[in-house]
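Now for the letters of each chain:
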Amino acid sequence: MRTTKSIHVISAHAEGEVGDVIVGGVLPPPGETVWEQSKWLLSNGLLRNFLLNEPRGGVFKHINLLVPPKNPKADAAFIIMEPEFNPPMSGSNSICVATVLLDVGLIEMFEPITTFILEAPGGLVKVKAECSHGKANRIYVENLPSFANDLDLTLEIEGSGALKVDTAFGGDSFVVVDADKLGFKLSPDEAKDLAKLGEKITKAANEQLNFHHPIYPDWGHFSFCHFCSPLFKDNNGMNFRSAVAVKPGKIDRSPTGTALSAKMAILHRRGKMKAGETLTATSIIGSQFSGQILGKTKVGSFDAILPEISGRAWITGTHQYMLDPADPWPGGYRISDTWGV
């Protein structure tokens, strides 16, 4: 087989959401920090287009590039590439990366608990993995400090009128809406309608509202719309159903770890959740992430929480992506029937 590229990928998913991991064939991008490396990959576009665009990728896929850590405290580092952005952090992707590192032996596994530190573009995250029989069964991630930005804002949505929304950061930026008030049960048959409306809400939020991160001033947009059901309690604590609309037009199959962190920050701001309490998010396919507030901190002038999220991931296969020099679409393509472009 002739090829001008040979990129080695281990495919995985965390509670249903794809988070593939590049383990060979790509050199670390330039940059003094992992954040700068992430920005370079986004602006350069070649690797993102090759793996995320069709025919090798699709709207369902995220890709993580392992790179040497910049921070000496970290055991490994990773850059997250999603269809539209390279975010500071991702819950499902960090769980996939941690699982791949352990299950294939890139980081030594100790049973029953393995601990290590990952460096995401947004900073260090501590990982605790419950392991047995050579498998990382459940991953706990101490996420980036998370904070509520503004609460009870009014957002005008074309065709839907005025909505009350909250805004928050949980490793990525969210506009948060009450699904119940919009008539959604967050069931699988609603996914297409949720994705379309979520895209409109995110667009309106970026036009009408402001998002500001005191450490990353160039992250000045809302990435996602988070649909949340009302809270309910059981013997394990507080629960809610969660659906996150992801550009360019799909619903996250997992409960979305950064959204869970943002939701906990909102509840903490409202006095409805305290340090030590847990919150479980259930996705549109019924998978779950659990969250806990470990403590309080500051992000610049913002009051913030220290969130922990946990979930499971599984390896689904290995791939060696190639590029025939005669391939007329070396950077792939995006078509509006699925990409919405």
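Preceding this paragraph is the structure being described.
Owing to the predicted nature of the structure, the values given are computational and were not obtained by experimental measurement. (Residues numbered from 1 in each chain as written. Predicted model: local features only at pLDDT ≥ 70, side-chain atom pairs only at ≥ 80, totals over all residues. Heavy atoms only, no water.)

Q: Residue-level account of the nonpolar core, with values.
A: Looking at soluble globular proteins, one finds that nonpolar side chains tend to be buried together. Formed by 54 residues in total, the largest nonpolar core has its most connected members in Leu-102, Phe-116, Leu-118, Ile-139, Val-141, Leu-260 and Leu-279. With residues up to four places along the chain from it excluded, the contact list for Phe-116 reads Asp-75, Ala-98, Leu-101, Leu-102, Ile-107, Val-125, Lys-126 and Val-127. Counting residues in each nonpolar core, the second largest holds 33 residues, with Val-165, Phe-169, Phe-222 and Ala-304 among its members. (Core = buried A, V, L, I, M, F, W, Y, C linked by side-chain atoms within 4.5 Å. Buried < 20%, exposed > 50% of the residue type's maximum accessible area, 1.4 Å probe, protein only. Contact = heavy atoms within 4.5 Å.)

Q: An account of the packing of aromatic side chains is needed here, citing residue identities and associated values.
A: On inspection of all chains with the given rule, the structure shows 10 aromatic pairs. Ring centres of Trp-35 and Tyr-216 lie 4.4 Å apart, and the angle between their planes is 40°; on these two criteria the pair is classed as tilted. In this pair, Trp-35 is assigned in helix α1 (residues 34–44) and Tyr-216 in the loop between α4 (191–208) and β12 (224–228), connecting sequence segments 181 residues apart. Aromatic side chains Phe-147 and Phe-302 sit 4.6 Å apart centroid to centroid with 20° between the ring planes, which places their arrangement in the stacked category. (Phe/Tyr/Trp six-rings, centres within 6.5 Å; stacked < 30°, edge-to-face > 60°. Helix = DSSP H or I, 4+ residues; strand = E, 2+ residues; numbered from the N terminus.)

Q: Describe the pattern of salt bridges, listing the residues and the values that go with them.
A: Considering all chains together, one arrives at 12 salt bridges under this definition. Between Glu-17 and Lys-250 there is a salt bridge, with the nearest N and O atoms lying 2.6 Å from each other. Of the two residues, Glu-17 sits in strand β2 (residues 17–18) while Lys-250 sits in strand β15 (residues 250–251), which places them 233 residues apart along the sequence. Here Glu-17 and Lys-250 have matching classes, each one buried. Measuring nitrogen to oxygen at the nearest pair gives 2.8 Å for the salt bridge that ties Arg-270 to Asp-166. Taken as a pair, Arg-270 in the loop between α5 (257–269) and β16 (278–282) and Asp-166 in strand β10 (residues 161–169) lie far apart in primary sequence, 104 residues in all. With a relative accessible area of 32%, Arg-270 lands in the partly exposed category. Residue classification places Asp-166 among the buried positions, given a relative accessible area of 10%. (Salt bridge = Lys/Arg side-chain N within 4 Å of Asp/Glu carboxyl O.)

Q: Tell me about the side chain of Ser-94, and name the residues and values.
A: With respect to the secondary-structure elements, Ser-94 resides in helix α3 (residues 91–103). Not counting chain neighbours up to four residues away, the residues in contact with Ser-94 comprise Phe-78, Met-89, Leu-118 and Val-141.

Q: Residue-level account of α5, with values.
A: Because each turn of an α-helix spans 3.6 residues, side chains separated by three or four positions end up pointing in the same direction. Here α5 spans 19 Å end to end across 13 residues, near enough to the 18 Å set by a 1.5 Å rise per residue. Buried residues dominate α5, accounting for 11 of its 13 residues. Buried residues of α5: Gly-257, Thr-258, Ala-259, Leu-260, Ser-261, Ala-262, Lys-263, Met-264, Ala-265, Ile-266 and Leu-267, and no others. After α5 finishes, the residue Gly-271 shows a positive phi value of roughly 75°. (Expected span 1.5 Å × (residues − 1).)

Q: Requested: an account of a nonpolar patch on the surface, with residues and values cited.
A: A cluster of nonpolar residues, Val-23, Val-104, Leu-106 and Ile-315, forms a patch on the protein surface that exposes about 300 Å² of accessible area. Relative to the elements of secondary structure, Val-23 occurs in strand β3 (residues 20–24). Val-23 gets classed as partly exposed once you look at its relative accessible area, which sits at 38%. (Patch = residues over 30% accessible without salt bridge, like charges linked within 9 Å, V, L, I, M, F, W, Y side chains within 5 Å. Areas by Shrake-Rupley, 256 points an atom, 1.4 Å probe, with all protein chains shown as cover.)

Q: If you had to explain the pairing of β16 to someone new, which residues and values would you point to?
A: Among the five residues in β16, four count as buried, and that is most of the element. As defined by bridge partners, β16 adjoins strand β17 (residues 288–299) across five bridges and the pair is classed as antiparallel. Across the sheet, Thr-278 pairs through a bridge with Gln-292, a residue of β17. The turn joining β16 and β17, which pair antiparallel and follow one another in sequence, is formed by five residues; a positive phi near 95° is taken by Gly-286. (Pairing = 2+ DSSP bridges.)

Q: I'd like a rundown of unusual backbone geometry, residues and numbers included.
A: With an omega of 10°, the peptide bond running from Glu-54 to Pro-55 counts as cis. Relative to the assigned elements, Pro-55 resides in the loop between α2 (46–52) and β4 (63–67). At the junction of Lys-247 and Pro-248, the peptide bond is cis and its omega measures out at 10° in the coordinates. With respect to the helices and strands, the residue Pro-248 is situated in the loop between β14 (237–246) and β15. Backbone geometry at Glu-15 places phi at a positive 50°, although glycine is not the residue there. In this fold, Glu-15 is placed in the loop between β1 (6–14) and β2.

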